[in-house]
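Architecture and fold: a report
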Amino acid sequence: ASLYGPDFANGGAVFAVVFLAAGVMAPYGALTNYLVARLRMWTRFAISLLWTGVLLVGAALLVEWGAIGIACATLGAYITRAAVTYIYARRLMRS
């Protein structure tokens, strides 16, 4: 039995993917604060739109897998968002 009851007994994989997604997003908070401090709100907005697009496309492609598919789509979107934000912030720091 799981902590959340029998309906969630097989949800360990979903939890693991979502937990990994949270870990990927941990540094995003600091990076996005840097963008705000540098007055790059439109860039931050554009990155959020990219994240939304990746999440929607990923969810549409992986919905057949159920909760694990949506969790993987979320992970992919967060990886994309964190990577693009990191690359942009790094270039901004060098200028």
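Look up: the structure comes first, before these words.
Scope of this entry: the structure provided in the associated data block. (Residues numbered from 1 in each chain as written. Predicted model: local features only at pLDDT ≥ 70, side-chain atom pairs only at ≥ 80, totals over all residues. Heavy atoms only, no water.)

Points about helix α1 (residues 12-25)
With 14 residues, α1 should cover 20 Å at 1.5 Å per step; its first-to-last C-alpha distance of 20 Å lies within 8% of that length. All of the buried residues along α1 are Val17, Ala21 and Met25. All buried residues of α1 fall inside an arc of 80 degrees around its axis, so they share one side. Pointing more than 90 degrees away from the buried face of α1 are the exposed residues Phe15 and Phe19. Its buried side turned inward, α1 meets α2 (28-37) and α4 (67-94). (Helix = DSSP H or I, 4+ residues; strand = E, 2+ residues; numbered from the N terminus. Expected span 1.5 Å × (residues − 1). Buried < 20%, exposed > 50% of the residue type's maximum accessible area, 1.4 Å probe, protein only. Arc of directions from axis to C-beta. Contact = heavy atoms within 4.5 Å.)

As for a nonpolar patch on the surface
Nonpolar side chains collect at one region of the surface, where Trp42, Phe45 and Leu49 lie side by side and expose about 400 Å² of accessible area between them. Assignment of secondary structure puts Trp42 in helix α3 (residues 41-62). Taking relative accessible area as the criterion, Trp42 reaches 71% and is therefore assigned exposed. (Patch = residues over 30% accessible without salt bridge, like charges linked within 9 Å, V, L, I, M, F, W, Y side chains within 5 Å. Areas by Shrake-Rupley, 256 points an atom, 1.4 Å probe, with all protein chains shown as cover. Salt bridge = Lys/Arg side-chain N within 4 Å of Asp/Glu carboxyl O.)

A word on the side chain of Arg81
When you line up the elements, Arg81 lands in helix α4. For the buried residue Arg81, which engages in no salt bridge, the nearest side chain bearing the opposite charge is Glu64, 26 Å off. Within polar-contact distance, the side chain of Arg81 engages the side chain of Tyr28 at 3.2 Å. Leave out the neighbours within four places in its chain, and Arg81 touches Met25, Tyr28, Ile47, Ser48 and Trp51. (Lys, Arg positive; Asp, Glu negative; His and termini not counted. Polar contact = N/O pair within 3.5 Å; in protein donor to acceptor, adjacent residues only side chain to side chain.)

Purely geometric numbers; function is a separate question.
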